[in-house]
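# Working through the structure, step by step
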Amino acid sequence: MSFKAKKTALCVGLCLFGMISAQQASAATESVASVQQSRQATGRVADSQGPLIGATVMEKGTNNGTVTDFNGNFTLSVKSGATLVISYVGYESQEVKAGENLHITLQEDGPIVNEVVVIGYGTQRREAVTGSVANIGGEKLNQIAATNAAQALQGRVAGVLMTQTSTQPGAEMQIRIRGQRSLSASNDPLIVLDGIPFMGQLSDINPADIKSMDILKDASATAIYGSRGANGVIIITTAKGSQGAPAKVSYNGYVSFKKIFKKYPMMNGPQFAEMRKLAGVYQNSLEESDDTDTDWQDLLLRTGVSHNHDVTVSGGTNGGSYSFGAGYYHDESVIPTQQFNRISLRGNFDQMVGKYFHFGLSTNNNYRLSEGNQIGMYGVLSMTPLSSPYDENGNPKHYVHMANDDTWIMTKDVIEANKDRWLNENKGFGSYNTIFAEVKCPWIEGLSYRINIGLNFRSNKNGSFNGQGINNKDTKSENNASVTENQTRNWAIENLLNRRSEERRVGKECRSRW
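Because the structure is a prediction, the values reported are computed rather than measured.

## A short note on a nonpolar patch on the surface
Judged by side-chain polarity, V353, Y356, F357, V439, Y449 and L497 come together as a nonpolar surface patch covering roughly 480 Å² of accessible area. With respect to the helices and strands, the residue Y449 is situated in strand β25 (residues 447-466). On the basis of relative accessibility, which here comes to 33%, the residue Y449 falls in the partly exposed class.

Written as structure tokens, this is what we have:
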């Protein structure tokens, strides 16, 4: 081999050796970088009482995480410079820099564990409640416009089923806390308003007057309210003033509009005419024509308007508080003349007299009126689209003669014109009042006696009237009317003996009802 060839081969070899060395150096560098990017974070999570089992330890900004063992210890592989997020139910989350042998102490989440929950006999901190209790504040209930508290509660409490059984304004919702327990008896929960069992319906209560709602969901409710609590209990506390606070006047109101977002899927004129020809069962009547296409739903439905107005005056004195409010609610359906009105008046005050005596009262009153419930959609949906609501002179028809039967025409113009001759009204009035007095024993600290007296009255009147020719082929048909009325009164007396201390609360109740 010539000297020139040897020189060329030597150069090629040196180049190859350099490339291999560079690749090996690059691989080593990547390996070192990989080792530097990953490290082990270890530590122990505890609270003031000892280690926390099952606390979550997450690398911030990632899905990389673990939980602590029986001794509160954890080990987690994280990137260099990572931040750990430690969380546990009932405790405030904490962020720390990843490292080794960390000692992390979590603090209790005060607003959660110290939240006051109404449990029937009185109140407890949430951390001391052993039964299944759900709580929702009045500010959350009023975040949406709702006819009653049940609608505002829908979808907000786990384990409580709310079902809308009617689209009529003011209609009650079906509430199921413990499921369908009986085929014949009532499955509705017991409602307790300001400590006294409530004989009315949730639509009787203005949602703006509610301070909080506590729902007792498990069988422990029967230990407090007996068999009436077998379907669950809803405890409602109305708003009150604050001791020593100056008088405050507040107003809350809104206006909303409602339109139907989708009509019933019915055949139009040409489709119905084609279907009738293919079926070969009926022929067009004298008032029907294949060239006519009437949308009866458009002729009936309207835009509904709803508005609500609430005025509240609240404040307090030295050792006492007061709150008074009035509300008006109006809700219209998309069906003409179908509407709901409610007027509500509420008031409560309480006052300390000396060091040992405390008394007060609360009253909730309402008047409600539901109208137009006799009007439905069946008559409109059964109408043939091949007929017109007007005669050859452009005057509204009284009846439409179809192939198989005759139907009274229902359009919004006809219903509005006959609203004083075709009526269905449901009027109701309710007054729910609670008086209490409490005296503390001066010789035994924390011992007190309290008496609650509930006085309730509820009346309901339902009436209907059909004038001449209303919903009848005969324009001279006789008038007819009907009225039903019922009234309910009840009263309850509760005697409670309470013993309270700083560390614990022990309650013993003697209750009598007549």
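## Quick notes on unusual backbone geometry
Even without a glycine there, the phi angle at N101 is positive, about 55°. Within the fold, N101 resides in the loop between β6 (94-97) and β7 (102-105). Judged by its relative accessible area of 60%, N101 is exposed. For T337, which is not glycine, the phi dihedral falls at a positive 65°. Here T337 shows up in the loop between β19 (320-332) and β20 (339-353). The exposure class of T337 is buried, given its relative accessible area of 17%.

## Side note on the nonpolar core
Ranked by internal contacts, the top residues of the largest apolar core, which has 25 residues, are L153, I175, M213, I215 and I236. Contributing elements (two or more residues each) for this core: β10 (133-137), α4 (149-153), β12 (173-176), β13 (190-193), β15 (210-216) and β16 (233-238). Those residues in contact with L153, other than ones at most four positions away along the chain, are I136, L141, M162, M213 and I215. Residues W296, I375, V400 and I470 belong to the second largest nonpolar core, which totals 19 residues.

## Description of the pattern of salt bridges
Under the counting rule described, the total for this entry stands at 16 salt bridges. We note a salt bridge from R368 to D204, for which the minimum N-O separation is 3.4 Å. Taken together, the residues R368 in strand β21 (residues 357-371) and D204 in the loop between β14 (196-197) and β15 connect sequence positions 164 residues apart. Residue R368 is classed as buried on the basis of its relative accessible area of 7%. Exposure remark for D204: the relative accessible area of 4% places this residue in the buried category. When the shortest N-O distance is used, the salt bridge between D295 and K263 registers 2.6 Å. Placement of the pair is D295 in the loop between α6 (269-279) and α7 (296-300) and K263 in the loop between β17 (248-258) and α6, with a sequence separation of 32 residues. The class for D295 is partly exposed, based on a relative accessible area of 29%. Because the salt bridges share partners, they merge into one network encompassing D204, R368 and R458.

## Some points on the pairing of β16
Summarising burial for β16: six of the six residues are buried, a large majority. Residue alternation in β16 divides its side chains into two sets, V233, I235 and T237 and I234, I236 and T238, and both sets are buried. Looking at chain direction, β15 and β16 are connected through six bridges and run antiparallel. Note that in β16 the partner of M213 across the bridge is I236.

## With respect to the packing of aromatic side chains
Counted under the stated rule, the structure contains eight aromatic pairs. Their ring planes at 90° and their centres at 6.0 Å tell us that F349 and F359 sit as a pair that is edge-to-face. Note that F349 is positioned in strand β20 and F359 in strand β21, a separation of 10 residues in sequence. Residue F349 is classed as partly exposed on the basis of its relative accessible area of 30%. An aromatic cluster is present here, built from F349, F357 and F359 joined pairwise through their rings. Stacked on the ring of F436, the Lys or Arg R450 has its end atom at 4.0 Å from the ring centre.

## Some details on the side chain of R302
Residue placement: R302 occurs in the loop between α7 and β18 (304-317). Judged by relative accessible area, R302 falls into the buried class, the value being 18%. Within the structure, R302 has its side chain in polar contact with the backbone oxygen of Q338 (distance 3.5 Å). Other than its neighbours up to four places away in sequence, R302 contacts K258, E332, S333, V334, I335, P336, T337, Q338, K412 and E416.

## Concerning the confidence of the model for the protein chain
Per-residue confidence for the protein chain gives a mean pLDDT of 80; residues scoring 70 or more make up 84%. Residue range residues 1-36 is modelled with pLDDT below 50. Its contacts to residues more than four positions away, or to other chains, number two contacts. Contacts of residues 124-130 to residues separated by more than four positions or lying in other chains number 19 contacts, the stretch itself having pLDDT below 50.

## Here's the deal with the pairing of β20
Relative to β20, β19 runs antiparallel, the two sharing 13 bridges. Paired with E332 across the strands is Q339, a residue of β20. Taken together, β19 and the strand that follows it, β20, pair antiparallel across an intervening segment of six residues, in which T337 is found at a positive phi of about 65°. Hairpin remark: β20 followed by β21, antiparallel, with three residues in the connecting loop; positive phi at G354, about 75°.

Conventions we followed
Residues numbered from 1 in each chain as written. Predicted model: local features only at pLDDT ≥ 70, side-chain atom pairs only at ≥ 80, totals over all residues. Heavy atoms only, no water. Patch = residues over 30% accessible without salt bridge, like charges linked within 9 Å, V, L, I, M, F, W, Y side chains within 5 Å. Areas by Shrake-Rupley, 256 points an atom, 1.4 Å probe, with all protein chains shown as cover. Salt bridge = Lys/Arg side-chain N within 4 Å of Asp/Glu carboxyl O. Helix = DSSP H or I, 4+ residues; strand = E, 2+ residues; numbered from the N terminus. Buried < 20%, exposed > 50% of the residue type's maximum accessible area, 1.4 Å probe, protein only. Core = buried A, V, L, I, M, F, W, Y, C linked by side-chain atoms within 4.5 Å. Contact = heavy atoms within 4.5 Å. Pairing = 2+ DSSP bridges. Phe/Tyr/Trp six-rings, centres within 6.5 Å; stacked < 30°, edge-to-face > 60°. Lys NZ or Arg CZ within 6 Å of the ring centre and 35° of its normal. Polar contact = N/O pair within 3.5 Å; in protein donor to acceptor, adjacent residues only side chain to side chain. pLDDT = per-residue confidence, 0-100.

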